[in-house]
Amino acid sequence: MHSAAGGGGGGGPDASGGGSGAARRLPLLLAAAAADCDLLASSAPRRIVQVVDDRVLVFDPVDPSKRHAVRAYAHKTRRHKEIRYGFDRVLDEQCSQQDVFEGTTKPLIDGVLDGFNATVFAYGATGCGKTHTITGTPTDPGIIFRTMEALFDRIAAAKEDKIVECSLSYLEVYNETIRDLLNPDDTRVVVAGLSEHTPRDVRDVMALLIMGNENRTRAPTEANAVSSRSHAVLQIHVRQRDRVPRSGTAAAVGTVSVRVATLSIIDLAGSERASVTKNLGERLLEGANINRSLLALGNCINALCSDKPNHIPYRDSKLTRLLKYSLGGNCKVVMIANISPALIHYEETHNTLKYANRAKNIKTKVEQNVIDVDLHVAQYPKIILQLKTEIEALKQELA
């Protein structure tokens, strides 16, 4: 896998190769500062993440002005860890959503049209900006909108030579139950029965996305007023074939080669501690299920990074079952790890960086998905009609 880490505005990994891990930092907000007594003691709260360049960051750095000072450590205080992490891309809070898209997902789009599966998922503690990275806002859209916009631009540019079919599905994993976000009334749905929709352009995609997000389970906690209580998985399925079979090819003698690929974009629910979120009752149960599924994901990543993986526990959670082929199969993977530089998120940021650092060691084997489809004699009249229509259209253009 590839990896990336970033600061306040956004962050992400370079997407060339098997997969990627990333960390994204949020700006140091005054609202966050007011929640911690250590931060209140200073007008300039200490940042626990320092970006060195576009590939390296330092966690828990020493203050440069005090680097050579003699320090005494009192009870319950800690030495600065000053741990360096290297990723494929590091983006700080000054980076825009477009910078995040170009550094993470954009390089995957051509591969999807060529028949290579791809997955992008955002990981991090609750309140660190995962949903903002993936979905964004109407005025500053995130990865999904920019990805679909670029994908439809590619499809439009190739429409004279290629026939491209695009469909999508949108689901959530809530309390280990899979729910169709685009058909929420169907409570019996399983993955095999997900509704698939065929958008005509990026506006149709955004309409479906808005409808799905309205159906997604959210609830306020002490750590995040709009906390997502489920993992959301958007899958875009692409099928592509030549519009006119070339002479001498298999397609010219009754067989069509179809390139198929799936692009998955996943917004994971944030890991959370009950002592921070102050959750009770149903919220506490949701948090426990979120952490259980993320623990299962961590166990799978640890097993995949092992020198001799004997067993990968994909079946420990619905989430890991869905991500089985993304993590260890035929798929290019990008992991965006969202982190916060605020001192109150010290443990969460450290855990997220360790998570992303492990994930970048995963190796995937990527193969092109090409299916040879035999044409039935009954399909010939339809093909002939399509060719005649195209010939007439070309004649009108030449006239």
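For the structure itself, consult the block above.
Residue indices begin from 1 for each chain and proceed along its sequence in written order. Two thresholds apply to this predicted model, a pLDDT of at least 70 for residue-level local features and 80 or more for giving and counting side-chain atom pairs, whereas whole-chain, interface and lining totals are computed over all residues. Hydrogens are left out, water is left out, and the side-chain values use all remaining heavy atoms of the structure.

> Which parts of the structure should I look at to understand the overall build of the protein chain?
Only DSSP runs of H or I covering at least 4 residues are called helices, and only runs of E covering at least 2 are called strands; the numbering of each starts at the N terminus. The helix and strand tally for the protein chain stands at 13 helices and 16 strands. Each of the 399 residues in the protein chain was classed as buried or not, and the buried ones make up 49%. In the form shown here, the protein chain has an accessible surface area of approximately 20000 Å², with 53% of it arising from carbon and sulfur atoms. The rule is simple: take the accessible area with a 1.4 Å probe, protein chains only, and divide by the maximum for that residue type; under 20% is buried, over 50% is exposed, in between is partly exposed. Residue-level accessible areas treat just the shown protein chains as cover; the underlying method is Shrake-Rupley with a 1.4 Å probe.

> Quick question: what am I supposed to make of the pattern of salt bridges here?
Any two side chains of opposite charge can pair, on the condition that their charged atoms come close. Any carboxyl oxygen of Asp or Glu that lies within 4 Å of a side-chain nitrogen of Lys or Arg is treated as forming a salt bridge with it. A full pass over the atoms with the stated rule returns 9 salt bridges. The salt bridge involving Arg146 is made with Asp140; its shortest N-O contact spans 3.3 Å. Residue classification places Arg146 among the buried positions, given a relative accessible area of 14%. With its nearest N and O atoms 2.6 Å apart, the salt bridge here joins Lys162 to Asp242. Within this pair, whereas Lys162 is found in strand 9 (residues 162-174), its partner Asp242 is found in strand 13 (residues 231-242), the two being separated by 80 residues in sequence.

> What am I meant to see in the packing of helix 6 (residues 143-157) against helix 7 (residues 202-215) here?
Helix-helix packing is characterised by the crossing angle of the two axes and by the distance between the axes. Between N-to-C directions, angles cover 0 to 180 degrees, with each direction set by a line fitted to C-alpha atoms, over the stretch in contact for helices. Between helix 6 and helix 7, the shortest axis-to-axis distance is 9 Å and the interhelical angle comes to 150°. By the angle between their axes, helix 6 is roughly antiparallel relative to helix 7. For the element pair helix 6 and helix 7, the recorded crossing hand is right-handed. Residues Ile144, Phe145, Met148, Glu149 and Phe152 of helix 6 lie in contact with helix 7, whose contacting residues are Val202, Val205, Met206 and Leu209. Note on angle classes: values under 35 degrees are labelled roughly parallel, values over 145 roughly antiparallel, values of 65 to 115 roughly perpendicular, and the remainder oblique. With the far helix as reference, a near helix turned anticlockwise by less than a right angle produces a left-handed crossing, and one turned clockwise produces a right-handed crossing. A contact between two residues is defined here by any heavy atoms of the two lying within 4.5 Å.

> Explanation requested: the nonpolar core in the structure shown.
Grouped burial of nonpolar side chains is what soluble globular proteins tend to show. Core analysis: the biggest nonpolar cluster contains 41 residues, and Leu57, Leu268, Leu297 and Met335 have the highest contact counts within it. Looking at this core, the elements that each hand over two or more residues are strand 5 (56-59), strand 8 (118-124), strand 9, helix 9 (282-305), strand 15 (332-339) and helix 12 (346-359). With 7 residues, helix 9 is the single largest residue contributor to this core. Once you skip the residues sitting within four places of it in the chain, Leu268 turns out to touch Phe121, Ala122, Tyr123, Lys130, His231, Leu294, Leu297 and Leu319. For our purposes a nonpolar core is just a set of buried Ala, Val, Leu, Ile, Met, Phe, Trp, Tyr and Cys residues, chained together by side-chain atoms within 4.5 Å.

> Would you mind showing me how to read helix 12 here?
Structural remark: α-helix, 3.6 residues per turn; residues separated by three or four positions point the same way. To estimate the expected span of a helix, subtract one from its residue number and multiply by 1.5 Å. A rise of 1.5 Å per residue sets the reference length of helix 12, with its 14 residues, at 20 Å; its end C-alpha atoms lie 20 Å apart and thus fit the reference within 8%. Of the residues making up helix 12, those classed as buried are Tyr346, Glu348, Thr349, His350, Thr352, Leu353, Tyr355, Ala356 and Ala359.

> I tried to follow helix 6 on my own but got confused; where do I start?
The first and last C-alpha atoms of helix 6 sit 21 Å apart over 15 residues, in line with the 21 Å expected at 1.5 Å per residue. Taken residue by residue, helix 6 has Ile143, Ile144, Phe145, Arg146, Thr147, Met148, Ala150, Leu151, Phe152 and Ile155 as its buried positions.

> For this particular structure, what's the right way to read empty space enclosed by the protein?
By rolling a water-sized probe across the atoms, one finds the places where empty space is left. Cavity: a set of points on a 1 Å grid over the protein atoms alone where a 1.4 Å probe fits but cannot get out. Pocket: an open set with protein on both sides within 12 Å along at least five of seven lines, its lining residues, like those of a cavity, having an atom within 4 Å of a point. Grid points are joined across faces, edges and corners, and a volume is the space filled by probe spheres set on the points. Counting across every chain of the model gives 1 cavity of 30 Å³ or more. Within this model, the largest cavity holds a volume of roughly 50 Å³. Val173, Tyr174, Asn175, Glu176, Arg229, Ser230, His231, Glu286, Asn289, Ile290 and Ser293 are the residues that line the largest cavity. Broken down by secondary-structure element, the contributors of at least two residues to the lining of the largest cavity are strand 9 and helix 9. Considering every element that reaches the lining of the largest cavity, the biggest residue donor is helix 9, with 4 residues.

> So what exactly am I meant to see when it comes to the sheet that holds strand 4 (residues 49-51) here?
Hydrogen bonding along the main chain pairs the strands of a sheet, whether they run parallel or antiparallel. We call two strands paired when DSSP finds no fewer than two bridges between them. The strand order across the open sheet built from 3 strands is 4-5-6, with neighbouring strands paired in antiparallel fashion. With one partner strand each, in any of the chains shown, strand 4 and strand 6 (83-86) form the two edges of the open sheet. Neighbour to neighbour, the strand axes of the sheet diverge by 25° on average, direction disregarded. Sheet topology note: the strand 4/strand 5 ladder contains 3 bridges and is antiparallel. Looking across to strand 5, one finds that Gln50 is bridged to Val58. Strand contacts of helix 12: strand 4, strand 5 and strand 6, with the helix running at about 45° to strand 6, the strand carrying the most contacts.

> I keep staring at unusual backbone geometry and nothing clicks. Help me out?
Among all residues except glycine, the phi angle is most often negative; among peptide bonds, the trans geometry is most common. Even without being a glycine, Asn175 presents a positive backbone phi close to 50°. Its location among the elements puts Asn175 in the loop between strand 9 and strand 10 (177-180). Its identity as a non-glycine residue notwithstanding, Glu176 has a phi of 60°, on the positive side. Residue position: Glu176 is located in the loop between strand 9 and strand 10.

> Explain the packing of helix 3 (residues 97-104) against helix 6 here, please?
Running from N to C, helix 3 and helix 6 cross one another at 60°; their axes reach a closest spacing of 10 Å. Here helix 3 is positioned oblique relative to helix 6, judged by the angle of their axes. In this structure, helix 3 meets helix 6 at a crossing whose hand is right-handed. Contact residues: helix 3 offers Gln97, Gln98, Val100, Phe101 and Thr104, while helix 6 offers Ile143, Arg146, Thr147 and Ala150. Classification convention: Asp, Glu, Lys, Arg as charged; Ala, Val, Leu, Ile, Met, Phe, Trp, Tyr, Cys, Pro as nonpolar; all other residues, Gly among them, as polar. A per-class count over the contact of helix 3 with helix 6 returns 4 nonpolar, 4 polar and 1 charged.

> Sorry if this is basic, but what is going on with the packing of aromatic side chains here?
Any aromatic ring pair is given by two values, namely how distant the centres are and how the planes are angled relative to each other. Pairing of aromatic side chains requires ring centres within 6.5 Å, counting the rings of Phe and Tyr and the six-membered ring of Trp. Pairs whose planes differ by under 30 degrees are stacked, by over 60 edge-to-face, and all others tilted. Within the structure shown, the criterion is met by 3 aromatic pairs. When the centroid spacing of 5.0 Å and the interplanar angle of 50° are considered together, the rings of Phe59 and Tyr346 count as tilted. With Phe59 in strand 5 and Tyr346 in helix 12, this residue pair connects regions lying 287 residues apart in the sequence. Note on accessibility: Phe59 and Tyr346 belong to one class, buried. Relative to Phe87, the ring of Tyr85 has its centre 6.3 Å away and its plane inclined at 20°; by these criteria the two rings are stacked.

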